[in-house]
Amino acid sequence: MYTKEQKKLVSYVRVRVKELMNQYPAKAHGFDHAKRVAKWAVLIATAEHANIFLSEISAWLHDIGRVREEFFGHKKRHHELSYEMCREWFREDKRFDALSKEEKLQILYALRYHWNDMANDYAVAWILRDADKLDGFGKLGLKRSLDFFEGDEGKIEVDLRLRYHTLYNLRSRQAKKIVQEKNMLEPVEKYFKKWLKEKIEPVAL
Ligand SMILES: [Fe+2]
Ligand SMILES: [Fe+2]
């Protein structure tokens, strides 16, 4: 699947991201999240006959900016910080010289716009977004949401409502198929409906 050089770079990126994220574990967006997104990205890119290598690299790197956002008080949104950090890594770390200019641009674009469903200049961008979205579903996706918002009911409510928006915006057939076949909406929906029911109290005059 990958050339020897690509394999070497993927494992180097994985280790560098792991070291960073284990040192600064961002809430619900640690190394385990990156690992699952990388797995989904490979699956989706394979089914879509897209660039698997760039999709996987982008997935490993996509949330590195959360470290600066959460631990170093940077005010920009994490997508922008991931983009900025990745540019720095590309400039400072010779290992990334294995990538061509075009490959670097695709990765940077995917990182910067992994929040924006209209940014479709490269397939890698929407593949990353689909892979990232998948990690919001299933029991784990629900747990991530609850962990991230630490009991803030208002934020959890909005976030769970957003799952339907996310589902609507999945672009690849493969991602839609995964959610459907693995019944990944169910745990989220079940929790949300139960929560809604618990909020119903008798009305009185
Ligand atoms: Fe992100
Ligand atoms: Fe993410």
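Further up the page is the structure itself.
What you see is a predicted model; the values in this text were computed from it and never measured.

Thoughts on the layout of surface pockets
Inference 1: Estimates place the volume of the largest pocket at around 740 Å³.
Inference 2: Considering the residues around the largest pocket, the lining is formed by 26 residues, among which Arg 66, Asp 132, Asp 159, Arg 163 and Thr 166 are closest to the centre.
Inference 3: Those elements giving two or more residues to the lining of the largest pocket turn out to be α5 (78-92), α7 (123-134), α8 (138-149) and α9 (153-168).
Inference 4: Looking at the lining of the largest pocket, its residues break down into five nonpolar, ten polar and eleven charged.

Comments concerning the side chain of Ser 172
Inference 1: Tracing the chain through its elements places Ser 172 in the loop between α9 and α10 (173-181).
Inference 2: A distance of 3.1 Å separates the side chain of Ser 172 from the backbone nitrogen of Ala 175, its partner in a polar contact.
Inference 3: The contact partners of Ser 172, leaving out residues within four places of it in the chain, are Ile 44, Glu 48, Trp 126 and Asp 130.

Concerning the coordination of the iron ion (ligand 2)
Inference 1: Every protein donor of the iron ion (ligand 2) is listed here as His 33 (NE2), His 62 (NE2), Asp 63 (OD) and Asp 132 (OD), and their distances to the metal cover 2.2 to 2.3 Å.
Inference 2: In this structure, the iron ion (ligand 2) is coordinated by four donor atoms arranged in irregular fashion, with angles at the metal of 85 to 172°.
Inference 3: When the donor residues of the iron ion (ligand 2) are listed from N- to C-terminus, their spacing reads H-x28-H-D-x68-D.
Inference 4: We classify His 33 as buried; its relative accessible area is 1%.

Brief notes about the nonpolar core
Inference 1: Residues Val 17, Leu 61 and Ile 107 are the most contacted members of the largest nonpolar core, which totals 52 residues.
Inference 2: If you list the elements that add at least two residues to this core, you get α1 (4-23), α2 (31-47), α3 (52-61), α5, α6 (101-112), α7 and α10.
Inference 3: A per-element tally of this core places α2 first, with nine residues.
Inference 4: For Leu 61, the residues in contact, after removing those within four places along its chain, are Val 13, Val 17, Ser 82, Cys 86, Trp 89, Ile 107 and Leu 111.
Inference 5: In this structure, Leu 160, Val 188, Phe 192 and Trp 195 belong to the second largest nonpolar core, which totals seven residues.

How each quantity is defined
- Residues numbered from 1 in each chain as written.
- Chains lettered and ligands numbered in written order.
- Predicted model: local features only at pLDDT ≥ 70, side-chain atom pairs only at ≥ 80, totals over all residues.
- Heavy atoms only, no water.
- 1 Å grid on protein atoms, 1.4 Å probe; cavity = no way out; pocket = protein on both sides within 12 Å on 5 of 7 lines; lining within 4 Å.
- Points joined across faces, edges and corners; volume = space filled by probe spheres on them.
- Helix = DSSP H or I, 4+ residues; strand = E, 2+ residues; numbered from the N terminus.
- Nonpolar A, V, L, I, M, F, W, Y, C, P; charged D, E, K, R; others polar.
- Polar contact = N/O pair within 3.5 Å; in protein donor to acceptor, adjacent residues only side chain to side chain.
- Contact = heavy atoms within 4.5 Å.
- Donors = N, O, S within 2.8 Å, 3.2 Å for Na, K, Ca; no water.
- Tetrahedral: all angles 85-135°; square planar, octahedral: opposite > 155°, others 65-115°.
- Buried < 20%, exposed > 50% of the residue type's maximum accessible area, 1.4 Å probe, protein only.
- Core = buried A, V, L, I, M, F, W, Y, C linked by side-chain atoms within 4.5 Å.

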